[in-house]
Amino acid sequence: MTRTDAGATVMHLRMPLGLAEPAYREVLELLAEISPVTQALPPGAALVELRGALRYHGVPAVQLAERARVRALARLSVSLRIGLAPTWAIAATASAQAPEYGGITVVEPDQVADFLAPLPVDALHGIGPVQASALTSYGIHSVGMLATLPLATLQRVLGGRAGRLAHDRARGIDPRPVTPKVLPLSAAVRYRFERQEMDGAAVRARLLDLVVQLAASLRRREQVARGLTLQLDFAAGARWTKTLRLPEASAHDEDLRTAAYRLMDRAGLQRGRLVGLLVRAEDLVAAATASEQISFDRSREMRLRAEQAMDRANRRFGKGSVTPAALLHKAA
């Protein structure tokens, strides 16, 4: 089973060598914005299945790959090498062929054989140095040559299971699905001001914008937060960070906004010159496992219904199509 009917929808990403674990987690959070079917391959790679995301975002897979590459570079200063192909093994092989400092290699289903044929055998994902040495000792130097060998011959050279895997992958066959692992235990959004900001109203409006983005992301991933952290970055490198425990786990705009404003009030900015904001949802759990207290506040219930309607509208017409009025006023 090659799943070639699905097109090039498996995305394999390679991150820079030695990337710190917190930065790796941030890349995973960014990928989850594109597709919830994201599989971490620590310490420096990840897989993303894009088939469902294509319907949600309404753009081709290559545009989603480019979106991931640009966001990682712009937000996190992390350069990604990306392979886009019909299967895990081909996508991983393609990502290794992407430019060293960030780029995308796309292999459509009808291009698999031509893409693999000229590659050296050690470039095929799953072929290690020992196996490559054994193959080249028999004069098998390219993946194209490997693909022509009978299965029995390969199994004599590499062994039973290894020979079968090499036989399949040289032909573009890899039935393994992308299996989403547990989502990150935190999720963050950030903003850097173009200049040092002292206007309290402007800062609070930007904070609201971040909270709305964060809450929508949590609801899309069906997670809720038990805590919220606010980080304020000041001129000259100073930083203020504080975490607040939520009364109950939530992903609602109203709850996260209340917590964020309380944290901002605690900061007592006065005339602090802000250069950046970060809001992080902490201690995330699956929404289905979190209990929610019954509310007898009719106005709150109406606001939550409006929030659901806003989510549906944004899914249909694009993220940001419906936003709080305060943000529209800020943009104007």
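In this text, all values refer to a predicted model and were calculated from it rather than measured experimentally.

Asks: Which residues make up the packing of aromatic side chains, and what values do they have?
Replies: Per the counting criterion, the structure on display carries one aromatic pair. A centroid spacing of 5.2 Å and a plane angle of 80° characterise the contact between Y191 and F193, whose relative ring orientation is edge-to-face. Given the relative accessible area of 24%, Y191 is considered partly exposed. The positively charged end of R176 is found above the aromatic ring belonging to W88, 3.9 Å away from the centroid.

Asks: Tell me about the environment of Y56, and name the residues and values.
Replies: Within the secondary structure, Y56 is located in helix α2 (residues 51-57). Each C-alpha atom, one on Y56 and one on S35, is 9.0 Å from the other, the two residues being 21 residues apart in sequence. Those residues in contact with Y56 that lie beyond four places of it in its chain are R220 and R315.

Asks: Which residues make up the layout of surface pockets, and what values go with them?
Replies: Considering only enclosed or pocket space, the second largest pocket measures out at about 330 Å³ in volume. Lining the second largest pocket are 15 residues, with R14, M15, P16, L17 and G44 sitting closest to its centre. In terms of residue class, the lining of the second largest pocket is made up of seven nonpolar, five polar and three charged.

Asks: Now, about the packing of helix α8 (residues 151-158) against helix α9 (residues 160-169): what can you tell me, with residues and values included?
Replies: Between two packed helices, the angle of one axis relative to the other and the distance separating the axes together describe the packing. Remark: α8 packs on α9, axes separated minimally by 7 Å, with the N-to-C direction vectors making an angle of 130°. Accordingly, the angle class assigned to the pair α8 and α9 is oblique. Crossing hand, α8 versus α9: right-handed. Note on element contacts: α9 touches α8 through G160, A162, G163, R164, A166 and H167, opposite L151, L154, Q155 and L158. The class makeup of the residues in the contact of α8 with α9 is five nonpolar, four polar and one charged.

Asks: Just give me the short version of the nonpolar core, but keep the residues and values in it.
Replies: Judged by nonpolar contacts, the single largest core of 32 residues is most densely connected at L207, L218, L232, L277 and V279. Of all the elements in the fold, those that place two or more residues in this core are β6 (187-197), α10 (200-220), β7 (223-234), β8 (239-250), α11 (253-267) and β9 (274-282). Top element by residues in this core is α10. It accounts for seven residues. Residues in contact with L207, not counting those within four places in the same chain, are L230, A260, Y261, M264, L277 and V279.

Asks: Account for the pattern of salt bridges, naming residues and giving values.
Replies: For the structure shown, the criterion picks out 13 salt bridges. Note that R190 and E26 form a salt bridge whose closest N and O atoms lie 2.4 Å from each other. Residue R190 is found in strand β6, and its partner E26 is found in helix α1 (residues 21-34); the two are separated by 164 residues along the sequence. Exposure remark for R190: the relative accessible area of 39% places this residue in the partly exposed category. In this structure E26 comes out as partly exposed when scored by relative accessible area, which is 22%. Among the salt bridges present, the one from E33 reaches R75, with a minimum N-O distance of 3.1 Å. With a gap of 42 residues between them, E33 in helix α1 and R75 in helix α3 (residues 61-76) connect regions that are remote in the sequence. Residue classification places E33 among the buried residues on the basis of a relative accessible area of 13%. A single salt-bridge network, built from bridges that share partners, covers E33, R71 and R75.

Asks: Tell me what's going on with the confidence of the model for the protein, and back it up with residues and numbers.
Replies: For the protein, per-residue confidence averages 86 on the pLDDT scale, and residues scoring 70 or more make up 90% of the total. Note that residues 1-5 has pLDDT below 50 and, in this model, 15 contacts with residues that lie over four places away or in other chains.

Asks: Report on the pairing of β8, specifying residues and quantitative values.
Replies: In terms of strand pairing, β7 meets β8 through eight bridges, oriented antiparallel. Within β8, the position partnered with L232 by the bridge is W240.

Asks: Give me the side chain of D174: which residues, what numbers.
Replies: Its place among the elements puts D174 in the loop between α9 and β6. In terms of polar contacts, D174 uses its side chain to reach the backbone amide nitrogen of A89, at 2.9 Å. A polar atom in the side chain of D174 sits 2.8 Å from the side chain of R176.

Asks: Go over the side chain of T229, please, and point to the residues and values.
Replies: Within the secondary structure layout, T229 lies in strand β7. When residues no more than four places from it in sequence are discounted, the contact partners of T229 are T241, K242, T243, L263, L278, V279, R280 and E282.

Asks: So, the sheet that holds strand β1 (residues 10-14): which residues are in play, and what are the values?
Replies: Consider a sheet: its strands pair through backbone hydrogen bonds, and that pairing is either parallel or antiparallel. Across the sheet, which stays open at both edges, the five strands sit in the order β2-β3-β1-β4-β5 with mixed pairing between neighbours. The sheet terminates laterally at β2 (38-41) and β5 (103-106), the two strands that pair on one side only. For this sheet the average axis-to-axis angle between neighbouring strands, irrespective of direction, equals 15°. Where β1 and strand β3 (residues 45-49) come together, five bridges link them in antiparallel fashion.

Each value, and the rule that gives it
Residues numbered from 1 in each chain as written. Predicted model: local features only at pLDDT ≥ 70, side-chain atom pairs only at ≥ 80, totals over all residues. Heavy atoms only, no water. Phe/Tyr/Trp six-rings, centres within 6.5 Å; stacked < 30°, edge-to-face > 60°. Buried < 20%, exposed > 50% of the residue type's maximum accessible area, 1.4 Å probe, protein only. Lys NZ or Arg CZ within 6 Å of the ring centre and 35° of its normal. Helix = DSSP H or I, 4+ residues; strand = E, 2+ residues; numbered from the N terminus. Contact = heavy atoms within 4.5 Å. 1 Å grid on protein atoms, 1.4 Å probe; cavity = no way out; pocket = protein on both sides within 12 Å on 5 of 7 lines; lining within 4 Å. Points joined across faces, edges and corners; volume = space filled by probe spheres on them. Nonpolar A, V, L, I, M, F, W, Y, C, P; charged D, E, K, R; others polar. Axes fitted to C-alpha atoms, helices over the stretch in contact; angles between N-to-C directions. Parallel < 35°, antiparallel > 145°, perpendicular 65-115°, else oblique. Left-handed = near helix turned anticlockwise from the far one by under 90°. Core = buried A, V, L, I, M, F, W, Y, C linked by side-chain atoms within 4.5 Å. Salt bridge = Lys/Arg side-chain N within 4 Å of Asp/Glu carboxyl O. pLDDT = per-residue confidence, 0-100. Pairing = 2+ DSSP bridges. Polar contact = N/O pair within 3.5 Å; in protein donor to acceptor, adjacent residues only side chain to side chain.

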